[in-house]
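Listed below, chain by chain, are the residues.
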Amino acid sequence: QVQLKESGGGLVQLGGSLRLSCGSSGRIISLRSMNWYRQAPGKQRELVASIDEDDGTTTYVDAVKGRFTISRDSVSNIVYLQMNNLKPEDTAVYYCNGLSNLMGDYWGQGTQVTVES
């Protein structure tokens, strides 16, 4: 069973930056996309950013466009989320997700991001 593990979360001031990393214990079969989700207290988990496995196309939720960048290192199986100009509303637990056409969803345990104003 492939496992995902996030790192890079923490406490940052308004306007600061963080880079999240998602490592994989192996290769996900029939991978469709790698994604970052977040869940703030009392809110549903939302998709923040995606990167397509086939062509590298990236998509973002409107709230983070122009501030967040998802990227991947296919050799090391690491997916990154560069987060700039962070705002208090970005405070959440961030989850790495891998979506497989055959096996469905793989999830990491999450990493806390807290932005202080």
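In case you missed it, the structure is sitting above this.
Residues numbered from 1 in each chain as written. Predicted model: local features only at pLDDT ≥ 70, side-chain atom pairs only at ≥ 80, totals over all residues. Heavy atoms only, no water.

## Quick word on the packing of aromatic side chains
Aromatic rings in a pair are described by how distant their centres are and how their planes are angled relative to each other. Overall, the coordinates contain 2 aromatic pairs when judged by the stated rule. Each residue in the set Tyr 37, Tyr 95 and Trp 107 is aromatic and connected to the rest through ring pairs, giving one cluster. Directly above the aromatic system of Tyr 95 lies the positively charged group of Arg 45, at a separation of 3.7 Å from the ring centroid. Above the ring of Trp 107, the side-chain terminus of Arg 45 is found at 4.7 Å from the ring centroid. (Phe/Tyr/Trp six-rings, centres within 6.5 Å; stacked < 30°, edge-to-face > 60°. Lys NZ or Arg CZ within 6 Å of the ring centre and 35° of its normal.)

## Description of the state of the cysteines
Here, disulfide denotes a covalent bond that connects the sulfur atoms of two cysteines. In total, this model carries 1 disulfide according to the counting rule given. Shown here is the disulfide that connects Cys 22 with Cys 96, its sulfur atoms set 2.0 Å apart. Looking along the S-S bond of the Cys 22-Cys 96 disulfide, the torsion reads about -80 degrees, which is the left-handed sense. With Cys 22 in strand S3 (residues 18-24) and Cys 96 in strand S9 (residues 92-100), the pair connects residues that are 74 residues apart, well separated along the chain. No difference in accessibility class separates Cys 22 from Cys 96, as the two residues are buried. (Disulfide = S-S within 2.5 Å. Helix = DSSP H or I, 4+ residues; strand = E, 2+ residues; numbered from the N terminus. Buried < 20%, exposed > 50% of the residue type's maximum accessible area, 1.4 Å probe, protein only.)

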